[in-house]
Amino acid sequence: VAAVITPTGVLMGADRIADENGRRQPMTVPKIVTRGSLLIGVSGSARWLHRIRHWDDMPIPPWPTVETPRPSTYQKEGWLNTVFSDMVRKMASNTGMMLQSDNKGEDVDPNLLIAWGQDIFSMARNFEVNHSSRDCYTIGSGRDECLGALLALSGWDSKSRLNRALEITAECCIGIEPPFDILSGGITI
């Protein structure tokens, strides 16, 4: 799963391959979910992807409002690290998807890539949310190859850059293959 900041928002792209005990399994649904003003990319367990796709009481950001038409990155990061991460932790605990990490802390299988406006955030396995300082970010299988390709293609237009980086990743990583879903604000492009 990869995301690139554009002049008007964020493009997020992903393949549809799941690893089923070492066997590649094509999926019928995208690894990217739209919720309100959020695009959420999921890597790791396909169970997480399906749970997030059908999470009816998932918290929706309180913005934009008349008072705050464009929340700051600080406001977004604060909401994601409190309300959103607490709800993800609660959902994981209530559905039996919580793992115990080596240091006895709470841990889960997936990583989430969250696009909100023109900001990209990642949620790590320990529910910590961080804002990316780059104009691109990647998670999941092939993340290092895809990030390298995105950085090397920085002069390209956003959609071509993201699509080519995903193609390069598929050439380098056995668990990645086209077709790719590319979404912007919940719209497949």
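Scroll up for the structure.
Calculation rules
Residues numbered from 1 in each chain as written. Predicted model: local features only at pLDDT ≥ 70, side-chain atom pairs only at ≥ 80, totals over all residues. Heavy atoms only, no water. Pairing = 2+ DSSP bridges. Helix = DSSP H or I, 4+ residues; strand = E, 2+ residues; numbered from the N terminus. Salt bridge = Lys/Arg side-chain N within 4 Å of Asp/Glu carboxyl O. Buried < 20%, exposed > 50% of the residue type's maximum accessible area, 1.4 Å probe, protein only. Axes fitted to C-alpha atoms, helices over the stretch in contact; angles between N-to-C directions. Contact = heavy atoms within 4.5 Å. Core = buried A, V, L, I, M, F, W, Y, C linked by side-chain atoms within 4.5 Å.

1. A closer look at the pairing of strand β3 (residues 17-20)
Part 1 of the argument: Pairing of β3 with strand β4 (residues 23-26) involves 4 bridges; the strand directions are antiparallel. Paired with glutamate 20 across the two strands is arginine 23, which belongs to β4.
Part 2 of the argument: As consecutive antiparallel partners, β3 and β4 are separated by 2 residues, and within that stretch asparagine 21 has a phi angle of approximately 55 degrees, a positive value.

2. What to know about the pattern of salt bridges
Part 1 of the argument: This model, assessed by the stated rule, comprises 8 salt bridges.
Part 2 of the argument: Residue lysine 31 is joined to aspartate 15 by a salt bridge in which the shortest nitrogen-to-oxygen separation is 2.7 Å. Of this pair, lysine 31 sits in the loop between β4 and β5 (32-35) while aspartate 15 is found in the loop between β2 (10-14) and β3, placing the two residues 16 residues apart along the sequence.
Part 3 of the argument: Here lysine 31 falls in the buried class, since its relative accessible area comes to 13%.
Part 4 of the argument: Since its relative accessible area comes to 4%, aspartate 15 is described here as buried.
Part 5 of the argument: One connected set of salt bridges, linked through shared partners, spans Arg164, Glu167 and Glu171.

3. Topic: the sheet that holds strand β10 (residues 119-123)
Part 1 of the argument: The strand order across the open sheet formed by 5 strands is β5-β6-β9-β10-β11, and the pairing between neighbours is antiparallel. For this open sheet the edge positions go to β5 and β11 (129-131), each flanked by a neighbour on one side alone. Neighbouring strand axes in the sheet, compared pairwise and without regard to direction, differ in orientation by 25 degrees on average.
Part 2 of the argument: One ladder, built from 4 bridges, connects β5 with strand β6 (residues 38-43); its direction is antiparallel. Looking across to β6, one finds that valine 33 is bridged to isoleucine 40.
Part 3 of the argument: Along the sheet, helix α1 (residues 46-53) makes contact with β5, β6 and β9 (111-116), crossing β5 at roughly 20 degrees.
Part 4 of the argument: Packed on one face of the sheet, helix α2 (residues 73-94) meets β6, β9, β10 and β11 and runs near 30 degrees to β10.

4. Considerations on the nonpolar core
Part 1 of the argument: Membership of the largest hydrophobic core comes to 27 residues, with the highest contact counts inside it found for Trp48, Ile52, Leu80, Phe84, Leu112, Ile114 and Met123.
Part 2 of the argument: Counting only elements with at least two residues in this core, the list comes to β6, α1, α2, β9 and β10.
Part 3 of the argument: The element contributing the most residues to this core is α2, with 6 residues.
Part 4 of the argument: When near neighbours in sequence (up to four residues on either side) are disregarded, isoleucine 52 contacts Val33, Arg35, Val42, Met91 and Leu112.
Part 5 of the argument: Ranked by size, the runner-up nonpolar core spans 17 residues in total, among them Leu11, Leu150, Ala165 and Leu166.

These results come straight from atomic positions and should not be treated as a statement about function.
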